[in-house]
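Results of the structural survey
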Amino acid sequence: MNIAQLQQEIIKLKKEKDVCILAHSYQAREICEIADFTGDSYKLSVDAAGVTNSTILMCGVRFMAETCKILSPEKTVILSAPSAGCDMADQMDRDYICEVKKQYPDHTVVAYINTTAALKTVCDVCVTSSSAVKIVKGIENKNILFIPDCNLGAHVAQQCPDKNIKLLNGGCPVHANVTKEEAERAKALYPNAELLVHPECKPEVCALADYIGSTSGIINYAVSSDKKEFIIGTEISIAEHLQYVCPDKTFRVLSLKLICPHMKATTLVDVYNCLTGKGGEEITLDDATVEGARRCIDEMIRLGG
Ligand code: 13P
Ligand code: SF4
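Everything numeric in this text was worked out from a predicted model, so none of it was measured.

The subject of this paragraph is the side chain of H262. Turning to its location among the elements, H262 is positioned in the loop between strand 12 (250-253) and helix 14 (268-275). In this structure the side chain of H262 is engaged in a polar contact, spanning 3.2 Å, whose partner is the backbone nitrogen of G85. Every residue in contact with H262, bar those within four places of it in the chain, is listed here: G60, V61, S83, A84, G85, C86 and D87.

If you want it as structure tokens, here you go:
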């Protein structure tokens, strides 16, 4: 079977089996093409909450599939590639944060959605990269413990100067690996290009950017801009998607290190195998985890909506 035939089979099977396919924007183009919803973490969690199909197939990483299960515990939720974790989400566990909280008893605990479901149960509110600033501004408490990403946290702290934001030493190894020198080099090489970066990049890289935003934020900015050339400072798939959407514009990749192995774990064949019952992993969470984490995600949707 070639790619187009496989895509046709997948479209047929998902209808027959009442499956809704969600794909994060970091997924390969051939997967985004057969998805019912694509977007950043925030959009996918809102989309997941409204799905009416009996099964959700999440083409993304584990914390995203867990978010779907938390929002729709009665549905069958499948993660497309069982190995697709997230290095940032795996950095801090529930017990560690319970210990840290003891040092900051008067702080509201804000968890990036890139965390495990178990960790969310001991936090107050979730944020995504596109909703973090709005949500933190909407929190009454001045004292915030922001976990786990210190780069996103630093970006939020800069936008919310009246908040007292405590950061921990976590982050995305893919984005945090990009250096200021790489950003300077790319800007010198492409002087007419605008630099668009994800807030998971280091503050000194963000400081050189013309725009800082989530994956959807970067896509929307580039599509609606009058400029013709862009350097994309997030997972390389976004530059590829944008090149299809805007063939008259030129998209450069900030660094070839910007490849997330977890997002690359899913192939179109995996999607097909999930629909034929031969692949993927069904996500199961106990009731207490669903209830505890749901409180955090509902608060995100309430404050970020
Ligand atoms: P978004 O919130 O922009 O979708 O980012 C998710 C992510 O994992 C970035 O590395
Ligand atoms: Fe996690 Fe980083 Fe991959 Fe995003 S790019 S899924 S934060 S490891």
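On to the site of ligand 1. The environment of ligand 1 is formed by H24, Y26, D40, S41, N114, S129, H175, H198, E200, S214 and T215. One nitrogen or oxygen atom from the side chain of E200 is found 2.8 Å from an oxygen atom belonging to ligand 1. Separating an oxygen atom of ligand 1 from a backbone N or O atom of T215 is a distance of 2.9 Å. Against a free-state accessible area of 300 Å², the protein chains account for coverage of 96% of ligand 1. Of the residues that constitute the shell around ligand 1, the class distribution is one nonpolar, eight polar and two charged.

As a further point, take the pairing of strand 9 (residues 194-197). Burial along strand 9 is two-sided: E194 and L196 and L195 and V197, pointing in opposite directions, are all buried. Alignment of strand 9 against strand 11 (residues 229-233), held across four bridges, turns out to be parallel. When the bridges of strand 11 are listed, L195 appears paired with I231. One ladder, built from two bridges, connects strand 9 with strand 10 (residues 211-212); its direction is parallel. Looking at strand 10, one finds that V197 is bridged to I212.

Applying the stated criterion to the full structure yields two aromatic pairs. Ring centres 4.6 Å apart and planes at 25° place the aromatic pair Y211 and Y221 in the stacked group. You can see Y211 sitting in strand 10 and its partner Y221 sitting in helix 12 (residues 215-224), a full ten residues away along the chain. On the basis of an interplanar angle of 15° and a centroid distance of 5.4 Å, the ring pair of F230 and F251 is categorised as stacked. A residue pair is termed long-range when its members are at least 10 positions apart, and F230 in strand 11 and F251 in strand 12 qualify at 21 residues. For the pair F230 and F251, one class covers both residues: buried.

Turning to helix 8 (residues 150-159), a few remarks are in order. Working note: α-helix, 3.6 residues per turn, so residues spaced by three or four point in the same direction. Taken residue by residue, helix 8 has N151, L152, G153, H155 and V156 as its buried positions. N-capping of helix 8 is provided by D149, with a side-chain oxygen placed 2.9 Å from the backbone N of N151.

So, on to a nonpolar patch on the surface. A contiguous nonpolar surface patch, about 290 Å² in accessible area, is contributed by V223, Y244 and V245. Relative to the helices and strands, V223 resides in helix 12.

Calculation notes
- Residues numbered from 1 in each chain as written.
- Chains lettered and ligands numbered in written order.
- Predicted model: local features only at pLDDT ≥ 70, side-chain atom pairs only at ≥ 80, totals over all residues.
- Heavy atoms only, no water.
- Helix = DSSP H or I, 4+ residues; strand = E, 2+ residues; numbered from the N terminus.
- Polar contact = N/O pair within 3.5 Å; in protein donor to acceptor, adjacent residues only side chain to side chain.
- Contact = heavy atoms within 4.5 Å.
- Near = heavy atom within 4 Å.
- Areas by Shrake-Rupley, 256 points an atom, 1.4 Å probe, with all protein chains shown as cover.
- Nonpolar A, V, L, I, M, F, W, Y, C, P; charged D, E, K, R; others polar.
- Buried < 20%, exposed > 50% of the residue type's maximum accessible area, 1.4 Å probe, protein only.
- Pairing = 2+ DSSP bridges.
- Phe/Tyr/Trp six-rings, centres within 6.5 Å; stacked < 30°, edge-to-face > 60°.
- Patch = residues over 30% accessible without salt bridge, like charges linked within 9 Å, V, L, I, M, F, W, Y side chains within 5 Å.
- Salt bridge = Lys/Arg side-chain N within 4 Å of Asp/Glu carboxyl O.

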